[in-house]
Protein chains: 2
Amino acid sequence: MNITGKSLINGVWQVDEDVQSFQAFIPAQNKYADTLFYEASEQLVKASAFVAKQAFKKYRTTSEQQRAALLNAIADQILALGDMLIDVTMQETGLPEQRLQGERMRTVNQLRFFANDLINTPPQVKVEAAQPDRQPLPKPATKLAQIPVGPVAVFGASNFPYAFSVLGGDTASALAAGCSVIVKGHPAHPATSELMAQAMLKAIKSTGMPLGVFSLIQASHPQTSHALVQQSEVKAVGFTGSFNVAQALQQSIFKRAEAIPLYGELGSVNPQVILPRLMENDGQTLATNFVNSLMMGQGQFCTSPGVWLIPKGSDQFLAKVEQVLAEQASAPLLTPGILASYQKATQTISELNGISLVAKNAPLEPFHPQAQVLATTAKHFVEEPILQEEVFGPFALVIEYHDIDELVWLVEQFSGQLTASIHGVVSEIDANHELTEQLSYKVGRLIFNQMPTGVEVCETMNHGGPFPSSTDVRSTSVGIQAKQRFLRPICYQS
Amino acid sequence: MNITGKSLINGVWQVDEDVQSFQAFIPAQNKYADTLFYEASEQLVKASAFVAKQAFKKYRTTSEQQRAALLNAIADQILALGDMLIDVTMQETGLPEQRLQGERMRTVNQLRFFANDLINTPPQVKVEAAQPDRQPLPKPATKLAQIPVGPVAVFGASNFPYAFSVLGGDTASALAAGCSVIVKGHPAHPATSELMAQAMLKAIKSTGMPLGVFSLIQASHPQTSHALVQQSEVKAVGFTGSFNVAQALQQSIFKRAEAIPLYGELGSVNPQVILPRLMENDGQTLATNFVNSLMMGQGQFCTSPGVWLIPKGSDQFLAKVEQVLAEQASAPLLTPGILASYQKATQTISELNGISLVAKNAPLEPFHPQAQVLATTAKHFVEEPILQEEVFGPFALVIEYHDIDELVWLVEQFSGQLTASIHGVVSEIDANHELTEQLSYKVGRLIFNQMPTGVEVCETMNHGGPFPSSTDVRSTSVGIQAKQRFLRPICYQS
């Protein structure tokens, strides 16, 4: 394995002189790695935007078949990295091997999924014939087609080092649309990013695509991200990460003369509603499923079930949650920053009035997070905005509701969410149509009797939601529709 | 005719005490009308947003048939206003009777067009079945549907008092999508706006829709517009008007916690390219067509042909332009503000270096604009940003190009445009594929051998374009796709 620590621009690994460097963190060992990565200068960011525009002019003229070949070549090259990729990412993220193998397969399949769609689905073109004899005026012939928007900036996420990072869904969908891509790699896994960029470069060369169609910017300084979104050549931004970072990038975008779309997939508390009959019938199973979903990736999923609405008096459910959570092994979080935020948030919440402890586990190391399920009342939840915010990590809040009226009222108080689930027997779900209707206007994906973790890459997926869960409720960052973010209509007349 | 001068909120004509008033201008007489219209207070704006949200909760549950019935009832009620509507609008806009009759028919047809689409086109729903046995994980059943985004604010345009105003395309498409609407009427035609709101109120009552589904805000003060877009209940904005007003509204939207989409359809110079062979064959006809298109509505169309790229040495074309334009009768512009801007812009441009006069007409009144066609070189055009900006009114700029290479280079310098036309014989259009490809990335609608004025309301229309011609290149404000601006995806899982 040869890691240069540099940024990839126009097919060349580049670094400016006298720049600062940064290192990856090894969560399992709670220390920094040795390999140095070099902060991309503003000059390099500018260069990446310039070549992305030049490459776009060529890449936009490629056929669906040529783009599909590129996407399939990328998938092949990721697999060709072999176990070395998994080893490097395990070290950089602390995520277990099996999870990373699964995520790699999902990422490879996602690239092939977009490739197959390019080959099998004709481009969206609608035609209307002229009506030269129409009165009072003739009707012209018109054809509505789609063309790519231009270079796209993509920000890698820390929590999905493959599926939402350098060659993840944003990059795959932008390339499928015909856009060139500049990725700002996440500094939590820079060696993973460089390996992925190596794979990408091989795929570009093997399919004869312009070198500037992809660049990787390595940086840990926020100003590099801001410089990237402010380049006039950049026409759209794909982002998966925190609300605060997205809001900061949004402010930089607002300073542009041209306001470009920021597709920010942020996070949410993903409310889980359990209706009374199912709780009565199946509380024990629900408790196990809830804890398992919460503990996936130590709660570092944007669809982690963060708020549970349960009928008052569900004591057996809560007892089971306590038992199952106590048995869950702790593991490190992705970065020291995430750990510090988690510890601060859980500390702050546990000290609030009206909060009680339901369940916790025992950290195996002092730098592991303590998984926690706390409980509060509907009134406290609504009156305390901090309780409505996502706590990134293995944390959930239980709210006991008195009756369906209180539940409907509570749902109305929620801000926008990526997902919500309703758990109930069919008859009680049907009987509470108002609840379902209300909840659908709060979410991007409404789930019945399943947990929210796990986002299927398919035609009919929607991964997005009303603000603040995403910055653009009209779009999805997962599934075939993700490509639509990087296309725009054009009418050809006559 | 009973004009109250008030705003319509929740089915009631309302005015706060001690507010200022404004009057419409009568362009043909160059004086203000007598009828007083009352500035809506911030309180009324807030009230309109509140009732729009309440009404949305009911309106969003209506069926396609119910929404179609509302749209058809609106069309009926507009026609029921009869000649009185035309008379009032003629007075407020100075636009001729035939033009307004045509625009009324277009507006009525546009409402019926969206109604028919609701009845005839099934909602966009895609379903994928579950695969419970899939390895390594089962695939859930998912369904992708669309739901309305919420209350929409619409800004009426001065230049299309029906088709892009109170009950124009933005309102029709938002209502079709299932959104409630708050219209800020344009102060240039407030009586027209009130008549349209009267028609709307009758339609709402006859179809049993919630009263808050539509409000009309009457105001001339900019702060009222800013207050409207800042209401948290408002989830999208439809706007047709000037770049400067759109940019100001955009800044107010940026101050919101939630950045909502501004669909601003602004304007552009709509470059008209004439290729050499066609110029040689048909220069005289082109000259007549160009002047006629330019003089439509005295150039007050966002698709007015403002820049003409012609082969060097097209003297007969230019001579014919001079002759035809001199024969064109002058007419007043829509407002004193538009006249002042027009006079200032044409004065500034005519005093620049490298500008020469091609053609003009003779104003019949001192308050009429003088139609003008000026000429400049490619070099001057590119170096002088003011020449690339739209001059709203009967003004066009001719640029003579030396050869196709210079033409391609010139096209690359253009900013985003709503439209462009290429006029040429088939063989020369085919031979200049690079020009066509390049131009398509600069425009929302690329036209061959037709003038840009006239926007067909149909399935395959696109009326929008890259910045700065619109604020959202992904959207159209005309045609069935306009509805998509006010819908968003939702996935139902399992």
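As named in an unreviewed UniProt entry, chain A is Aldehyde dehydrogenase, taken from Thalassotalea eurytherma.

A.B. asks: I'd like to hear about the relation of the copies chain A and chain B, residue by residue, with values.
C.D. replies: Once chain A is rotated about the relating axis by 180° and shifted along it by 0.0 Å, it coincides with chain B to within an RMSD of 0.0 Å. Taken together, these values place the two copies in the relation of a two-fold axis. It is Phe254 of chain A whose C-alpha, among those of chain A, lies nearest the rotation axis, at 3.5 Å.

A.B. asks: Any details on unusual backbone geometry? Residues and values, ideally.
C.D. replies: Note the cis peptide between Gln135 of chain A and Pro136 of chain A, where omega equals -5°. Of note, Asn10 of chain B is a non-glycine position whose phi angle comes to about 55°, a positive value. One can find Asn10 of chain B in the loop between β1 (7-9) and β2 (12-14). Judged by its relative accessible area of 34%, Asn10 of chain B falls in the partly exposed class. If you check the backbone angles, Asn30 of chain B has positive phi at about 55° while not being a glycine.

A.B. asks: Explain the interface of chain A and chain B to me, and be specific about the residues and the numbers.
C.D. replies: Bring the parts together and some accessible area is lost; that lost area is often taken as the interface size. At the junction of the two partners, chain A supplies 61 residues and chain B supplies 61 residues. Of the roughly 5,200 Å² buried where chain A meets chain B, counting both sides, 49% is carbon and sulfur surface. For chain A, the biggest contributors to the area lost against chain B are Tyr441, Thr460 and Arg474 of chain A; these three give 15% of the whole. On the surface where chain A and chain B come into contact, there are 11 salt bridges. With a closest N to O distance of 3.5 Å, Glu459 of chain B and Lys126 of chain A form a salt bridge. Across the contact surface, chain A and chain B share 38 residue pairs in polar contact (both at pLDDT 80 or more). Bridging between strand β20 (residues 443-448) of chain A and strand β21 (residues 487-493) of chain B involves 3 bridges; their strand directions are parallel.

A.B. asks: So, the sheet that holds strand β16 (residues 356-360) of chain B: which residues are in play, and what are the values?
C.D. replies: Strand order across the open sheet formed by 10 strands is β7(A)-β8(A)-β21(A)-β20(B)-β19(B)-β14(B)-β15(B)-β18(B)-β17(B)-β16(B), with mixed pairing between neighbours. Every interior strand has two partners, whereas the edge strands, β7 (126-128) of chain A together with β16 of chain B, have only one. Between one strand and the next, the sheet's axes are offset by a mean angle of 20°, whatever the strand orientation. Docked against the sheet, helix α13 (residues 404-413) of chain B engages β14 (272-274), β15 (307-311) and β18 (395-401) of chain B, running at close to 140° with respect to β18 of chain B. Lying on the sheet, helix α15 (residues 433-440) of chain B is in contact with β8 (142-148) and β21 (487-493) of chain A together with β14, β19 (417-423) and β20 (443-448) of chain B; it crosses β20 of chain B at an angle near 145°.

A.B. asks: Residue-level account of the UniProt feature "domain: Aldehyde dehydrogenase" (unreviewed entry) in chain A, with values.
C.D. replies: In this structure's numbering, the residues bearing the UniProt feature "domain: Aldehyde dehydrogenase" (unreviewed entry) are residues 17-472 of chain A. Split by type, residues 17-472 of chain A is 43% helix and 17% strand. Its first and last C-alpha atoms lie 39 Å apart.

A.B. asks: Please provide a residue-by-residue account of the domain arrangement of chain A, values included.
C.D. replies: Residue and element names in this part refer to chain A. Entries for chain A in the domain assignment read domain 1 (7-266 + 472-493) and domain 2 (272-448). For domain 1 versus domain 2, the distance between C-alpha centres works out to 33 Å. Counting from both sides, the interface comprises 15 residues of domain 1 and, opposite them, 13 residues of domain 2. Interface of domain 1 and domain 2: buried area, both sides summed, is about 1,100 Å²; carbon and sulfur atoms make up 69% of it. The tally of links from domain 1 across to domain 2 stands at 0 salt bridges. At the boundary of domain 1 with domain 2, the tally comes to 1 residue pair in polar contact (both at pLDDT 80 or more). Per-class residue counts for the side of domain 1 that touches domain 2 are 8 nonpolar, 4 polar and 3 charged.

A.B. asks: Could you give an account of the sheet that holds strand β8 (residues 142-148) of chain B, with specific residues and numbers?
C.D. replies: In space, the 10 strands of this open sheet follow the order β16(A)-β17(A)-β18(A)-β15(A)-β14(A)-β19(A)-β20(A)-β21(B)-β8(B)-β7(B), with mixed pairing throughout. Single-partner strands in this sheet number two, and they are β16 (356-360) of chain A together with β7 (126-128) of chain B. If you compare each strand with its neighbour and ignore which way they point, the axes differ by 20° on average. The sheet strands contacting helix α9 (residues 276-295) of chain A are β14 (272-274), β15 (307-311), β17 (372-377), β18 (395-401) and β19 (417-423) of chain A, and the helix crosses β15 of chain A at an angle near 160°. Relative to β16 of chain A, helix α10 (residues 315-326) of chain A is tilted by about 45°, and along the sheet it contacts β14, β15, β16, β17 and β18 of chain A.

A.B. asks: Run through the packing of helix α3 (residues 83-93) of chain B against helix α6 (residues 190-207) of chain B, naming residues and quoting values.
C.D. replies: Residues and elements named next belong to chain B. Between α3 and α6, the least distance of the axes is 8 Å, while the angle of their chain directions is 155°. When the axis of α3 is compared with that of α6, the two are roughly antiparallel. Judged by residue contacts, Met84, Leu85, Val88, Thr89 and Glu92 of α3 engage Pro190, Ala191, Thr192, Leu195 and Met196 from α6. For the contact of α3 with α6, a count of residues per class yields 7 nonpolar, 2 polar and 1 charged.

A.B. asks: Before we move on, can you summarise the packing of helix α7 (residues 222-230) of chain A against helix α8 (residues 243-254) of chain A with the specific residues and values?
C.D. replies: Residues and elements named next belong to chain A. Two numbers describe how α7 lies on α8: the axes approach to 9 Å, and their chain directions differ by 40°. By the angle class used here, α7 and α8 are oblique. Considering only the axes of α7 and α8, their crossing is right-handed. Facing α7, whose interface residues are Ser225, His226, Val229 and Gln230, α8 presents Ala248, Leu249, Ser252 and Ile253.

A.B. asks: Could you give me a rundown of helix α2 (residues 64-80) of chain A, with the residues and numbers involved?
C.D. replies: All names here are of chain A. The terminal C-alpha atoms of α2 lie 24 Å apart, and with 17 residues this matches the ideal 24 Å at 1.5 Å per residue to within 8%. Taken together, the buried residues of α2 touch α1 (42-59), α3 (83-93), α4 (97-120), α5 (169-177) and α6 (190-206). Note on α2: the residue one or two positions beyond its end, Gly82, has a positive phi of about 65°.

About the thresholds
- Residues numbered from 1 in each chain as written.
- Chains lettered and ligands numbered in written order.
- Predicted model: local features only at pLDDT ≥ 70, side-chain atom pairs only at ≥ 80, totals over all residues.
- Heavy atoms only, no water.
- Least-squares fit on C-alpha atoms with pLDDT ≥ 70 in both.
- Helix = DSSP H or I, 4+ residues; strand = E, 2+ residues; numbered from the N terminus.
- Buried < 20%, exposed > 50% of the residue type's maximum accessible area, 1.4 Å probe, protein only.
- Contact = heavy atoms within 4.5 Å.
- Buried area = accessible area lost by both parts, 1.4 Å probe.
- Salt bridge = Lys/Arg side-chain N within 4 Å of Asp/Glu carboxyl O.
- Polar contact = N/O pair within 3.5 Å; in protein donor to acceptor, adjacent residues only side chain to side chain.
- Pairing = 2+ DSSP bridges.
- Axes fitted to C-alpha atoms, helices over the stretch in contact; angles between N-to-C directions.
- UniProt positions renumbered as here; feature names shortened; annotations may be inferred.
- Domains from an automatic or database assignment.
- Nonpolar A, V, L, I, M, F, W, Y, C, P; charged D, E, K, R; others polar.
- Parallel < 35°, antiparallel > 145°, perpendicular 65-115°, else oblique.
- Left-handed = near helix turned anticlockwise from the far one by under 90°.
- Expected span 1.5 Å × (residues − 1).

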